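If you want the building blocks of each chain, they are given just below.
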Amino acid sequence: MEASTSHAHKCMRTVLYENQVDVHTSPDEISSWTRRFESRATELRPPATSEELQFREWLPITGRKAWDFARLTMDQYLPCRSEYLLAEQQHESFYCSPVDVICMLTALGFTPLYFTYFKLTVECFGTFLLFRVLIPSMLACIRLYRPLRGKQLSLFAADAALVFMLCGGLYLEVGVIIRMCNFAFYDTQLQRMEEEMFGCQPATEFSRVCDYKVIGEYLHWCYFSFYVILILPIATLWWRYPRESFITLATAQLLAMTSCSFTWIYYPAKGPYWTLDPRPAEQVGYFMSYIVQFFVEGGSSLGTACPSSHCAVACVVCITTVWETGRFHVPFILIVPGLWLATVYGGFHYVIDSFIGIGLGVCSSVIAKIFTRLWIARFQHLVEVEGSTQIIPVTHDRV
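**Q** Explain the environment of Lys270 here, please?
**A** The residue Lys270 is located in the loop between α14 (243-266) and α15 (272-275) in this model. Residues Lys270 and Phe348, 78 residues apart in the sequence, show an inter-C-alpha distance of 9.2 Å. If we ignore the near neighbours within four places in the chain, the residues touching Lys270 are Phe185, Asp187, Thr275, Gly303 and Ala305.

Shown next, in the form of structure tokens:
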């Protein structure tokens, strides 16, 4: 071990100093980040190999600076250090995370629909190939093959696939399945239920009763912020907090989206924006109403109204993020209630959609919190550390 470490440091010095001289750069001009990289060559995750050092030898000075900076930054942030992460990477037997369990359940529910209602179109075939063949195969290889599972790049690929599914991938697949199955829509039934409960259609009357464009502009800003809520919190927990927190939020978010997806498939509804008479953008806002309606008309999957994924995911992210970090109360308080109201004010969802979505969000947050903690407790196993084994308890403290 010491010999290999010494050899790596020697190779590093050769690359950092001798090649610098080749381009007439004195050692005094080597920046601090280069010296840090040299001193930590064998401590990086993964350690710098001789092949990497040879690759750096071919890079120009600017390229080496960028490479060294990226490697040091990745070692610090991708992902945060965590004892649970060691168990995830080094566990001897088959390992799967709580998120993998939900992904498998989703596959069991979606795959039969492809074989039952499959249409020979590029859309159907491409969606099936990506979501039910390529992504599951990649995750299975990473989880089953231990040498691959222990690599940083493999873990990053698995996390990237998960974030892609959470931030739009699953929604896109469900839209294709709804069009493929061609089930009947239930908007008439939902409108009749709202008429009985409220004596009107709140999705059209709310904005007329509260006819203030300033309020409408604020609510449309809140509605549009869903796309930030969808991505930023989970990226923050992955980037700066222990992996246990990231897994908890990812599990809760995926559980909420999966619950919404199965409901959309078997109880599709277009929503009041497409079936009732929505108010034009100039009547409900100044600027953001135009942007929101543009996105709704251009990117919505018909049939995904009930329940509201906006309400469900916003609720999940708000509860779980504050629960895991103890921070970010104020931004969520300013945005999430306005987002819930905006789903009805803008005519994008029925009131029933929003209430069911909020309920799913609360339930998903609680279930995911309990499920992930019980699941992680199962992996307080022996983890190899420098050729020996020791018990590594799972911790939830920041590192």
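**Q** Quick question: what am I supposed to make of the pattern of salt bridges here?
**A** Side chains that differ in sign of charge can pair as their charged atoms come close. This structure, assessed with the given rule, holds six salt bridges. A salt bridge links Arg179 to Glu123; its shortest N-O distance comes to 2.7 Å. One end of the pair, Arg179, is in helix α9 (residues 152-181); the other, Glu123, is in helix α7 (residues 122-144), with 56 residues separating them in the sequence. For Glu123, a relative accessible area of 38% puts it in the partly exposed group. The salt bridge involving Arg132 is made with Glu173; its shortest N-O contact spans 2.9 Å. Taken together, the positions of Arg132 in helix α7 and Glu173 in helix α9 put the pair 41 residues apart, joining distant regions of the chain.

**Q** Help me out: how do you make sense of the packing of helix α6 (residues 98-117) against α7 in this one?
**A** The description of two packed helices rests on the angle between their axes and on the distance between the axes. Contact geometry of α6 with α7 gives a least axis separation of 11 Å together with a crossing angle of 150°. By the angle between their directions, the pair α6 and α7 is classed as roughly antiparallel. Between α6 and α7 lies a crossing whose hand is left-handed. Contacts between α6 and α7 involve Asp100, Thr106, Ala107, Phe110, Thr111, Tyr114 and Phe115 on the former and, on the latter, Cys124, Thr127, Phe128, Arg132 and Arg143.

**Q** Where do I start with empty space enclosed by the protein in this structure?
**A** Remark: the empty space left among the atoms is shown by a probe the size of a water molecule rolled over them. This structure, assessed with the given rule, holds one cavity of 30 Å³ or more. Counted as a void, the largest cavity has a volume near 50 Å³. Surrounding the largest cavity, Ala203, Thr204, Ser207, Pro278, Arg279, Val284, Gln293, Tyr345, Gly346 and Gly347 form its lining. Among the elements that make up the lining of the largest cavity, the one with the highest residue count is helix α11 (residues 202-209) (three residues). A per-class count over the lining of the largest cavity returns four nonpolar, five polar and one charged.

**Q** It is not clear to me how helix α19 (residues 329-345) should be interpreted in this structure. Could you clarify?
**A** One turn of an α-helix holds 3.6 residues; hence residues three or four places apart share an orientation. Between its first and last C-alpha, α19 extends 24 Å over 17 residues, near the 24 Å set by a 1.5 Å rise per residue. At Leu339, α19 is bent by approximately 25°, the largest bend along its length. Listing the buried residues of α19 in full gives Phe332, Val336, Gly338, Leu339, Ala342, Thr343, Val344 and Tyr345. Packed against the buried residues of α19 are α11, α12 (213-224), α13 (226-240), α16 (281-284), α18 (309-325) and α20 (351-377). Backbone geometry just downstream of α19 places Gly347 in the positive-phi region, at approximately 75°.

Rules and cut-offs
- Residues numbered from 1 in each chain as written.
- Predicted model: local features only at pLDDT ≥ 70, side-chain atom pairs only at ≥ 80, totals over all residues.
- Heavy atoms only, no water.
- Helix = DSSP H or I, 4+ residues; strand = E, 2+ residues; numbered from the N terminus.
- Contact = heavy atoms within 4.5 Å.
- Salt bridge = Lys/Arg side-chain N within 4 Å of Asp/Glu carboxyl O.
- Buried < 20%, exposed > 50% of the residue type's maximum accessible area, 1.4 Å probe, protein only.
- Axes fitted to C-alpha atoms, helices over the stretch in contact; angles between N-to-C directions.
- Parallel < 35°, antiparallel > 145°, perpendicular 65-115°, else oblique.
- Left-handed = near helix turned anticlockwise from the far one by under 90°.
- 1 Å grid on protein atoms, 1.4 Å probe; cavity = no way out; pocket = protein on both sides within 12 Å on 5 of 7 lines; lining within 4 Å.
- Points joined across faces, edges and corners; volume = space filled by probe spheres on them.
- Nonpolar A, V, L, I, M, F, W, Y, C, P; charged D, E, K, R; others polar.
- Expected span 1.5 Å × (residues − 1).
- Bend = angle between axes of the 7 residues up to and from the residue.

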